[in-house]
Every structure is written in C-alpha cells, then in structure tokens.
Amino acid sequence: MKPAIRSSLSVQKMFRYVEWILIVGFIFYYSLLIANNILVLTAEQFWQLSFFYVAIAALSCIFPMGRSLWIKYAYICLEIFLVLATRYFSGLQVEHLMFVYIAKSCFFLRRKSVMILTVIVGILYVVILVGSLPQSIETFPYATADIDPSDPKLIKDFLISGIASYVMFSSFMIVLGNTLLAEQRSRQRAEELTRQVEGLATKLERVRIARDIHDSLGHTLTNLQIQLALAQEFREHKPDRAFKAIDLAKFLADQCVEDVSLKLQAIHQSDFNLDRALQSLLSQLQHHPGLKVSSEINLPQLPLQVSHHLYYIIKEGLTNIQKHSNADRIYLQCQATSDRITVRLEDNGRGFDPALSYPGFGLQGIKERVNILNGELKICTTPEVGTRIMVMIPKEMEIDRKKIS
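Report follows, based on the coordinates. No experiment lies behind these values; they were computed from the predicted model shown.

This part takes up the overall build of the chain. Helix and strand counts for the chain come out as 12 helices and five strands. Taken over 405 residues, the chain has a buried fraction of 41%. When the accessible area of the chain is evaluated, it comes to approximately 23400 Å², of which 61% is carbon and sulfur surface.

Moving on, we come to unusual backbone geometry. At Asn 374, a position not held by glycine, the phi torsion is positive, near 55°. You can see Asn 374 is positioned in the loop between α11 (362-372) and β4 (376-382). A residue is classified by how much of its surface remains accessible, and Asn 374, at 35% relative accessible area, is partly exposed.

Further remarks concern the pattern of salt bridges. If you walk through the whole model with that rule in mind, you get six salt bridges. The shortest N-O distance in the salt bridge between Lys 104 and Glu 79 comes to 3.3 Å. Of this pair, Lys 104 sits in helix α4 (residues 96-105) while Glu 79 sits in helix α3 (residues 69-90), and the two are 25 residues apart along the sequence. Residue classification places Glu 79 among the buried positions, given a relative accessible area of 0%. One salt bridge in this structure joins Glu 376 and Lys 378, with 3.8 Å as the shortest N-O distance. Classification of Lys 378 by relative accessible area gives partly exposed; the value is 41%.

Moving on to the sheet that holds strand β3 (residues 340-347). The sheet built from five strands is open, its strands ordered β1-β2-β3-β5-β4 with mixed pairing. The open sheet terminates on both sides in strands that have one partner only, identified here as β1 (292-298) and β4. Direction aside, neighbouring strands of the sheet carry axes that sit 5° apart on average. Sheet topology note: the β3/strand β5 (residues 386-394) ladder contains eight bridges and is antiparallel. Of the residues in β5, the one forming a bridge with Ile 341 is Ile 393. Lying on the sheet, helix α10 (residues 304-325) is in contact with β2 (329-336), β3 and β5; it crosses β3 at an angle near 10°.

Our next topic: the packing of aromatic side chains. Counted by the stated rule, this structure contains 13 aromatic pairs. Plain terms: the ring middles of Phe 15 and Phe 63 are 6.2 Å apart, the flat faces sit at 25° to each other, and that makes the pair stacked. Of this pair, Phe 15 sits in helix α1 (residues 3-35) while Phe 63 sits in the loop between α2 (43-59) and α3; the two residues are 48 residues apart in sequence, bridging distant segments of the chain. A single burial state applies to Phe 15 and to Phe 63, both of which are buried.

Here the focus is the nonpolar core. With 46 residues, the main nonpolar core has Tyr 30, Phe 52, Tyr 53, Ile 80, Leu 97 and Met 98 as its most contacted residues. Broken down by secondary-structure element, the contributors of at least two residues to this core are α1, α2, α3, α4, α5 (111-131) and α7 (152-234). With seven residues, α4 is the single largest residue contributor to this core. Not counting residues within four places of it along the chain, the set of residues in contact with Tyr 53 comprises Ile 23, Phe 26, Ile 27, Tyr 30 and Val 94. Within the second largest apolar cluster, 32 residues are counted, among which are Leu 274, Leu 310, Tyr 311 and Val 391.

So, on to the environment of Arg 87. Take Arg 87: it is sitting in helix α3. Note: C-alpha distance between Arg 87 and Tyr 125 (38 residues apart in sequence) is 8.9 Å.

Looking now at α10. Between its first and last C-alpha, α10 extends 31 Å over 22 residues, near the 32 Å set by a 1.5 Å rise per residue. Within α10, 17 of the 22 residues are buried, leaving the element largely enclosed by the surrounding structure. Immediately beyond the C-terminal end of α10, within one or two residues, lies Asn 326, with a positive phi of roughly 55°.

Nonpolar side chains collect at one region of the surface, where Tyr 17, Trp 20 and Ile 21 lie side by side and expose about 340 Å² of accessible area between them. For Ile 21, the position within the fold is in helix α1.

It is at 10 Å that the axes of α4 and α5 come closest, and there the two elements cross at 165°. Comparing their axes, α5 and α4 come out roughly antiparallel. Crossing angle aside, the handedness with which α4 passes α5 is right-handed. On α5, the residues touching Met 98, Ile 102 and Ser 105 of α4 are Val 114, Leu 117, Thr 118, Val 121 and Tyr 125.

Looking now at the pairing of β5. Burial runs high along β5: seven of the nine residues are buried. Relative to β5, β4 runs antiparallel, the two sharing seven bridges. Looking across to β5, one finds that Thr 382 is bridged to Gly 386. Between β4 and β5, which pair antiparallel in sequence order, lie three residues; one of them, Glu 384, sits at a positive phi of approximately 70°.

Calculation criteria
Residues numbered from 1 in each chain as written. Predicted model: local features only at pLDDT ≥ 70, side-chain atom pairs only at ≥ 80, totals over all residues. Heavy atoms only, no water. Helix = DSSP H or I, 4+ residues; strand = E, 2+ residues; numbered from the N terminus. Buried < 20%, exposed > 50% of the residue type's maximum accessible area, 1.4 Å probe, protein only. Areas by Shrake-Rupley, 256 points an atom, 1.4 Å probe, with all protein chains shown as cover. Salt bridge = Lys/Arg side-chain N within 4 Å of Asp/Glu carboxyl O. Pairing = 2+ DSSP bridges. Axes fitted to C-alpha atoms, helices over the stretch in contact; angles between N-to-C directions. Contact = heavy atoms within 4.5 Å. Phe/Tyr/Trp six-rings, centres within 6.5 Å; stacked < 30°, edge-to-face > 60°. Core = buried A, V, L, I, M, F, W, Y, C linked by side-chain atoms within 4.5 Å. Expected span 1.5 Å × (residues − 1). Patch = residues over 30% accessible without salt bridge, like charges linked within 9 Å, V, L, I, M, F, W, Y side chains within 5 Å. Parallel < 35°, antiparallel > 145°, perpendicular 65-115°, else oblique. Left-handed = near helix turned anticlockwise from the far one by under 90°.

Okay, structure coming up:
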C-alpha cells in the first residue's frame, strides 16, 4: 500500500473515532438529562436527533481524500448543514461536531478556503442562534423556571457566549487541523525519503559487492588466466613449463575459492593480519617468470575495516600492474610513522595517463577506498617509465562509518 493511501486511512480512522466518541457522548449526556427530568424531548425532537446521529455516523465512514474538489466541498457542507439544521429545528446543542468538521476541512480544502468556510458557517451559526431565540434558552438543559427567555440582557449574554465559543473553538480546530495536516505531510515525506534512501542503499550495495568481487577475485583470476595461457602455449614444445603452469593454475584456483570463503566470513572475522595477507598476496607473484617482486612491510595491528581496505587497495594495484603495465619489477613498501600509514607501490612498466577515464572498477575502487579511510592518494606515472602509487592514511583517523558500511 502506498504511503499516501496508508496515511489517508489513518487520518480517516482518527476522525471517525472522534465523531463516534462524540456521538456516544451526546447520547449518554442527553439520556442522563432525560432520566433526571432535567430535559424533556418532544417526539419530533427525538426523531430529529436520531436521524442526525445516524446520518453523521454514516458520513463518518466516508473520507473523500482522493476525490474531486466539488465532492470534497459537498461532503463538508453536508456534514455542517446537518449540524446547523439540527441545531435550528430542535434547539439542542450539537454544534460540537461542527468544529470537528472544520478541522476535517483542512485535509480537503486550501487554507484560504477553510477560512472562508469558517466565516460563512460562523455567520450562519449566529443567524441560527438569533432565529432560535428565546426557544434555545428555554431548552437549555440547566435553565431554571424563573429565567425570563425574553430578557434582553440574557439574550445578549447568550449570543455573546455563543459567538465567543464559536470563534475560540473554530480557531483552535483550524490550528489543530493544519497541525495534523503538516504532520501527515511530514510523515509522507519521511516515508518517501526512506524509500529513496533504501533505493540508494541498494544501489550502493550492488556497487560495493561488484567492487569487492572485482578486487578480491580480479587479481587471482588474472594470474590464473596468464598461467592457463602459458600452459596452452607450452603444452607441445615445453611440457615441463606447461605442467608447472598448470600446477600454478591449480594453486590460483584454490586461492579463488579461499578468497570467496574469506569474503563470506569477513563479517565475522576479527583477527585479520594484514602483514601476513600481503605476504601471501606477493608470494603468488613470485611464481611468474621474469617478474621480480620486492617488499618492505611493517605495519602495526590495525582496525579490521582499515586492514581490509588497505589489502584490497594493494591487491587492485598489483592486479592493474599485471594486466596493463608489462612491468618486470614491482616494489611494495608499507610502513607506519607516528602520525600516518604510508603505502608505496611502484613498477617499471609503461605507465598511463591518470587524467583519462578507464572502464571497470580498478582505479575507481582504489579512490573510493582511500576516500573511505579519509586518506590521500597520489599517482605519479609517466608513459614508458613506470608508475608510483602513494596512499597516506592518518594513523589516528576518524573513519566515516556510513562510508565503510
């Protein structure tokens, strides 16, 4: 169910319950007055009052929020007409429901229209009060026998009291109705924003999953592809080299399975050792003939999320070197000073232009992870000379938890 429809139903139920409570309250109130001989109803008044309560109870089940404007006007005017007509013909005080309808009109009409409607109803209400005098005073429940209904002072006080009550209650109900309307709109807006945030979160989660799969498996699968290509090339002329390549491909396939397993368990992992993970990552490269790998890794124990992001930054950098650089030397340095952690990754490959955009998640994934860690990324590269990637992370960092998650 759409939020607007759900919110409309909740408002409809609220007004319906209020109207039913008032109807039951009026019935109980007049029943007590009649039982104690304080008020005597004629048969005509009884049937008028009964018709009024039945009609009002039936109309309370209708709430034309999504209907055309003229239906909304007709609905509100009909309810108010029933109140005024019952007040005029029976002389009984049932106008309390009229104020509920004024509040209800705030949900159907514009604010200016509500004000105009309130003024018109107020004028009609005063006219009815004047036209029903002095009978209204005589039917007042607590009117005593010695009261003179034709007393000008009494009539004046009665009218002033009625007008003041109308102005006070109608003003209060307009404010209440607009407050409820504003709250309803705020709730609808909040629900709409919640849906938008959920949609964005879903989109970001898909991007994160794609990036993590790319970062975790891309490196290993690249090596696996290279070894299988070598096995194909040497299978006839150099079978020993082909068998070595196949053995390494088997090792890399096992590494892929391990990467997937580690990724699935990462949420529960609390003892991830970054130094050991990087040494294992570099050991895979040492099986490549013609590629010399050297490293200096000396990092302290870091928070789990920081270790994961640094690991995938380095892994993606190594993957890019193997895919695109044609380098034969790689150097990795990871060290910690008193204020920051520095990662330096160099190769002697053909370099690239960092100003250009490249397909895939590689370089973009590195930038996103560095940004998550509130770090700084520097890429120095020259075509046909090589590339140096520098990542500097504050040691005492305030990591954005929303970015990490």
